[in-house]
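Residues per chain are reported as follows:
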Amino acid sequence: MYIIVDTAVSTSNAVGPENARAALDLRFMQRALGLGERARGTTGDNPHVGSLVARGEAVLGEGWTSEPGRNHAEVNALLAAARAGHDVRGATLYATVEPCSFEGRTPACALTIVARGITRVVFGIRDPHPRVNGAGAHLLRRAGIEVSEGLCAGPIRASLAEWLRGH
């Protein structure tokens, strides 16, 4: 379990697998936040999301949101992993915002994540779009994927403040 304190995750002083996983989660979510910043100002009405796919301590692929009508961050991270020759089945996907759950200008990211065999998704904040807002997480959980939300929510909300004001 995470205890979120502004920009940090506090865990107990005990050394163990849960704390190691929490430390990796924090490191990878902070990396995803930085990746999202690469897309700032280029995503139109979409948020500038960052995403990465990891197995253990290894990053398999990274991505950020493309311009409107092109891939979202999660799909770009999955494609980067595939280009590098990585099998993402059983891996963890990190995204600053909840994966979308409906087809608009692009296919639903949550369905792509399910199809690729990801077994765990960690995201920072829910997508406030009325057609998502928890539906992406629900779709992933229904498919048997472990979902964690809320990690680094404060810094992510700060980064996306302008976009969030529109929702």
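Our subject is the structure listed above.
Residues numbered from 1 in each chain as written. Predicted model: local features only at pLDDT ≥ 70, side-chain atom pairs only at ≥ 80, totals over all residues. Heavy atoms only, no water.

Peer 1: I would appreciate a short explanation of the nonpolar core in the present structure.
Peer 2: Nonpolar side chains tend to gather and get buried jointly when the protein is soluble and globular. Met29, Tyr94, Ile125, Ile156 and Leu160 are the most contacted members of the largest nonpolar core, which totals 22 residues. Mapped by element, the contributors of at least two residues to this core are α1 (17–37), β3 (50–55), β5 (92–97), β6 (120–125), α5 (153–159) and α6 (161–165). With seven residues, the top contributor of residues to this core is α1. Every residue in contact with isoleucine 156, bar those within four places of it in the chain, is listed here: Met29, Leu33, Thr96, Gly124, Ile125 and Leu151. (Core = buried A, V, L, I, M, F, W, Y, C linked by side-chain atoms within 4.5 Å. Buried < 20%, exposed > 50% of the residue type's maximum accessible area, 1.4 Å probe, protein only. Helix = DSSP H or I, 4+ residues; strand = E, 2+ residues; numbered from the N terminus. Contact = heavy atoms within 4.5 Å.)

Peer 1: Help me understand helix α3 (residues 109–116), please; the structure alone is not making it clear to me.
Peer 2: Every α-helix carries 3.6 residues per turn, so stepping three or four residues along brings you back to the same face. Those residues of α3 that sit buried are Cys109, Ala110, Thr112 and Ile113. The buried residues of α3 occupy an angular sector of 160° when projected down its axis, which confines them to one face. Contact partners of the buried residues in α3: α2 (73–83), β5, β6 and α4 (135–142). Count one or two residues on from α3 and you reach glycine 117, which has phi positive near 85°. (Arc of directions from axis to C-beta.)

Peer 1: Would you take a moment to explain the pattern of salt bridges for this structure?
Peer 2: Pairs may arise between side chains of opposite charge once their charged atoms sit close together. Counted according to the given criterion, the structure contains 10 salt bridges. Connected via shared salt-bridge partners are Arg21, Asp25, Arg120 and Glu146. (Salt bridge = Lys/Arg side-chain N within 4 Å of Asp/Glu carboxyl O.)

Peer 1: Would you take a moment to explain the sheet that holds strand β4 (residues 58–64) for this structure?
Peer 2: Picture the strands of a sheet paired through backbone hydrogen bonds; they go either parallel or antiparallel. Read across the sheet, five strands follow the order β4-β3-β5-β6-β7 without closing on themselves; strand pairing throughout is mixed. Looking at which strands have only one partner, the edges of the open sheet turn out to be β4 and β7 (146–149). Averaged over all neighbouring strand pairs, the angle between strand axes comes to 15°, with direction disregarded. In the packing of α1 onto the sheet, the strands contacted are β3, β4, β5, β6 and β7, and the crossing angle to β3 comes to about 145°. (Pairing = 2+ DSSP bridges. Axes fitted to C-alpha atoms, helices over the stretch in contact; angles between N-to-C directions.)

Peer 1: Just to check I follow, could you spell out α2 for this structure?
Peer 2: With eight of its 11 residues buried, α2 lies for the most part within the structure. If you check which residues of α2 are buried, you get Ala73, Glu74, Val75, Asn76, Ala77, Leu78, Ala80 and Ala81. Looking at the buried positions of α2, the neighbouring elements they touch are β3, β4, β5 and α3. Of the residues one or two after α2, glycine 85 is the one with positive phi, at around 85°.

Peer 1: Please clarify how the environment of aspartate 25 should be interpreted in this entry.
Peer 2: Here aspartate 25 shows up in helix α1. Along the primary structure aspartate 25 and aspartate 45 are separated by 20 residues, whereas in three dimensions their C-alpha atoms are 28 Å apart.

Peer 1: What's the story with the layout of surface pockets in this structure? I'm lost.
Peer 2: Gaps between atoms show up when a probe of the same size as a water molecule is rolled over them. By volume, the largest pocket is sized at about 400 Å³. Lining the largest pocket are 24 residues, and of these Asn46, His72, Cys100, Phe102 and Asp127 sit closest to its centre. Across the lining of the largest pocket, the residue classes tally to 10 nonpolar, eight polar and six charged. (1 Å grid on protein atoms, 1.4 Å probe; cavity = no way out; pocket = protein on both sides within 12 Å on 5 of 7 lines; lining within 4 Å. Points joined across faces, edges and corners; volume = space filled by probe spheres on them. Nonpolar A, V, L, I, M, F, W, Y, C, P; charged D, E, K, R; others polar.)

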